[in-house]
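Listed below are the residues making up each chain.
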Amino acid sequence: NLMNVAMQNICVRSIYYLLSEWTSLAVTLVTTIRKFLSLLLSIILFNNTFTTQHWASTVLVFSGSALFSGLIRLPKEDQLEAWWRGVRGCEERVAKEKVVAKLPC
């Protein structure tokens, strides 16, 4: 089909343009979003099911992309260590004073 070939040509040219202008992460995110939208369109048009496994996979893919791109920042190791020392200190105070209720740590 001539229309299919023309559309594929436009898609390939668009990807090459994106690769020349943007980072590989941005291109990957754009193509992932495009595939997700194609999946949603398939679900809507052909009454395919979208299970909780599909949603979980979607969350994992987009969360991974957000983490890798820096949109979501994880705490630095020294911040985690400081937090953990605070938790351990609180546990030790509770154990030492043998208090059943939680202490404000």
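All figures in this text were calculated on a predicted structure; none of them were measured in a lab. (Residues numbered from 1 in each chain as written. Predicted model: local features only at pLDDT ≥ 70, side-chain atom pairs only at ≥ 80, totals over all residues. Heavy atoms only, no water.)

1. A look at the confidence of the model for the protein chain
- On average, residues of the protein chain score 80 in pLDDT, and 77% of them are at 70 or above.
- Between the elements of the protein chain, mean pLDDT differs from a low of 67, seen in helix 4 (residues 77-97), to a high of 90, seen in helix 1 (residues 2-21). (pLDDT = per-residue confidence, 0-100. Helix = DSSP H or I, 4+ residues; strand = E, 2+ residues; numbered from the N terminus.)

2. Points about unusual backbone geometry
- Here the phi dihedral of Asn-47 falls at roughly 55 degrees; this positive angle occurs in a residue that is not glycine.
- Mapped onto the elements of the fold, Asn-47 is located in the loop between helix 2 (24-46) and helix 3 (52-69).
- Among the residues examined, Asn-47 registers a relative accessible area of 68% and is labelled exposed. (Buried < 20%, exposed > 50% of the residue type's maximum accessible area, 1.4 Å probe, protein only.)

3. Topic: the packing of aromatic side chains
- Overall, the coordinates contain four aromatic pairs when judged by the stated rule.
- Ring plane angle 80 degrees and centroid distance 5.8 Å describe the contact between Phe-36 and Phe-62, whose orientation is recorded as edge-to-face. Taken as a pair, Phe-36 in helix 2 and Phe-62 in helix 3 lie far apart in primary sequence, 26 residues in all.
- Judged by centre distance (4.6 Å) and plane angle (85 degrees), the ring pair of Phe-50 and Trp-55 falls under edge-to-face.
- What links up through ring pairs into an aromatic cluster is the set Phe-36, Phe-50, Trp-55 and Phe-62. (Phe/Tyr/Trp six-rings, centres within 6.5 Å; stacked < 30°, edge-to-face > 60°.)

4. Brief notes about the side chain of Thr-58
- The topology assignment puts Thr-58 in helix 3.
- Since its relative accessible area comes to 12%, Thr-58 is described here as buried.
- Among the polar contacts listed, one links the side chain of Thr-58 to the backbone oxygen of His-54, at a separation of 2.8 Å.
- Sequence-distant contacts of Thr-58, that is, excluding residues within four places in its chain, are made with Phe-36 and Phe-50. (Polar contact = N/O pair within 3.5 Å; in protein donor to acceptor, adjacent residues only side chain to side chain. Contact = heavy atoms within 4.5 Å.)

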